[in-house]
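# Analysis of the macromolecular model
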Amino acid sequence: METKMQHNIALIGFMGVGKTTVFEQMKQLGLPGVDTDTLIEEMAGMPVSDIFAQYGEPHFRQLETQAVCRAAELQGTVISCGGGAVLKQENVDALRRTGKIVLLTATPETILERLKDDDTRPKLRGRKTVEGIAQLMAERQAVYEAAAQITIATDGKTPQAICAEILAAVQE
């Protein structure tokens, strides 16, 4: 089924809420998609983890803004944003100009279950507990809520159901 959209859909949210899974599902529906972390890696010629290690977070955030602005210029595209992309108002403004920002949420328990075997998340090191995740989530919650125009809980839902909910919300 080919789906066409006028506006972009920018997916934001904490790690483990399902951004990548939902992004991949949206692409299977025939929607074009771009992942800002992939754009950053292409621009830098190295993985995100290496950018952080070699150049630090400030340099990564500069590249992220370039990637977000480039993605926001597209039309009718699903944009998967890194967890910290909306920490900068400039990025939020760019995403809102051409689309809707959709916040995906999940409980700390759901996130722990989804990420229990994932060792690729530097921010989770030493914090892979419900309490640790809840604490990290609380640090960004207000920023996510301020950026979001639509919020969708992903707990206990299939990727297909989440996509249908997003597409219905964006059409309204």
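Here goes a summary of the coordinates provided. (Residues numbered from 1 in each chain as written. Predicted model: local features only at pLDDT ≥ 70, side-chain atom pairs only at ≥ 80, totals over all residues. Heavy atoms only, no water.)

## Description of the pattern of salt bridges
We count it as follows: The term salt bridge refers to a pairing of a side-chain nitrogen on Lys or Arg with a carboxyl oxygen on Asp or Glu at a separation within 4 Å. Numbered from the N terminus, helices here are DSSP runs of H or I no shorter than four residues, and strands are runs of E no shorter than two. Buried means the residue's accessible area, taken with a 1.4 Å probe over protein chains only, is under 20% of the maximum for its type, while exposed means over 50%, and partly exposed covers the values in between.
As enumerated under the stated definition, the model contains five salt bridges in all. Between R61 and E64 there is a salt bridge, and its shortest N-O distance comes to 2.7 Å. In this pair, R61 and E64 both sit in helix α4 (residues 57–72), three residues apart, roughly one turn of the helix. Both residues of the pair, R61 and E64, count as buried. With a shortest N-O distance of 2.7 Å, E113 and K116 are connected by a salt bridge. For K116, a relative accessible area of 42% puts it in the partly exposed group. It is possible to trace a salt-bridge network through shared partners that takes in E57, R61 and E64.

## Comments concerning the state of the cysteines
Using the following cut-off: The definition used for a disulfide is geometric: two cysteine sulfur atoms within 2.5 Å.
The tally for this structure, following the rule as stated, stands at zero disulfides. In this structure C69 is not part of a disulfide, and its nearest cysteine sulfur, from C81, lies 11 Å away.

## A few points about the layout of surface pockets
The line we're drawing: Of the grid points, spaced at 1 Å and generated over the protein atoms alone, those admitting a 1.4 Å probe that cannot get out make up cavities, while open sets with protein on both sides within 12 Å along at least five of seven lines make up pockets; any residue with an atom within 4 Å of a point is treated as lining. Grid points are joined across faces, edges and corners, and a volume is the space filled by probe spheres set on the points. Gly is put with the polar residues, along with every residue not named as nonpolar or charged; the nonpolar set is Ala, Val, Leu, Ile, Met, Phe, Trp, Tyr, Cys and Pro, and the charged set is Asp, Glu, Lys and Arg.
In this model, the largest pocket occupies a volume close to 1000 Å³. In terms of lining, the largest pocket is formed by 42 residues, of which the most central are M15, D37, G82, G83 and R121. Mapped by element, the contributors of at least two residues to the lining of the largest pocket are α1 (19–28), α2 (36–44), α3 (48–55), α4, α6 (108–115), α7 (130–147) and α8 (159–171). Taken together, the residues that form the lining of the largest pocket break down as 15 nonpolar, 14 polar and 13 charged.

## Quick word on the nonpolar core
Formally: We define a nonpolar core as any set of buried Ala, Val, Leu, Ile, Met, Phe, Trp, Tyr and Cys residues linked to one another through side-chain atoms lying within 4.5 Å.
Counting 54 residues, the largest nonpolar core has M26 and I166 as its most contacted members. Here this core gets six residues from one element, more than from any other, and that element is α4.

## As for the packing of α3 against α4
Our working rule: Working convention: axes come from line fits to C-alpha atoms, limited for helices to the stretch in contact. Angles between N-to-C directions cover 0 to 180 degrees. Reported orientations rely on four angle classes, namely roughly parallel under 35 degrees, roughly antiparallel over 145, roughly perpendicular from 65 to 115, and oblique for the rest. Contacts were defined at the residue level, with two residues in contact if any of their heavy atoms lie within 4.5 Å.
Between α3 and α4, the shortest axis-to-axis distance is 7 Å and the interhelical angle comes to 135 degrees. Between α3 and α4, the angle is such that the two are oblique. Packed against α3, whose contacting residues are V48, I51, F52 and Y55, the element α4 presents E57, H59, F60, R61 and L63 at the interface. Looking at the contact of α3 with α4 residue by residue, the classes come out as six nonpolar, one polar and two charged.

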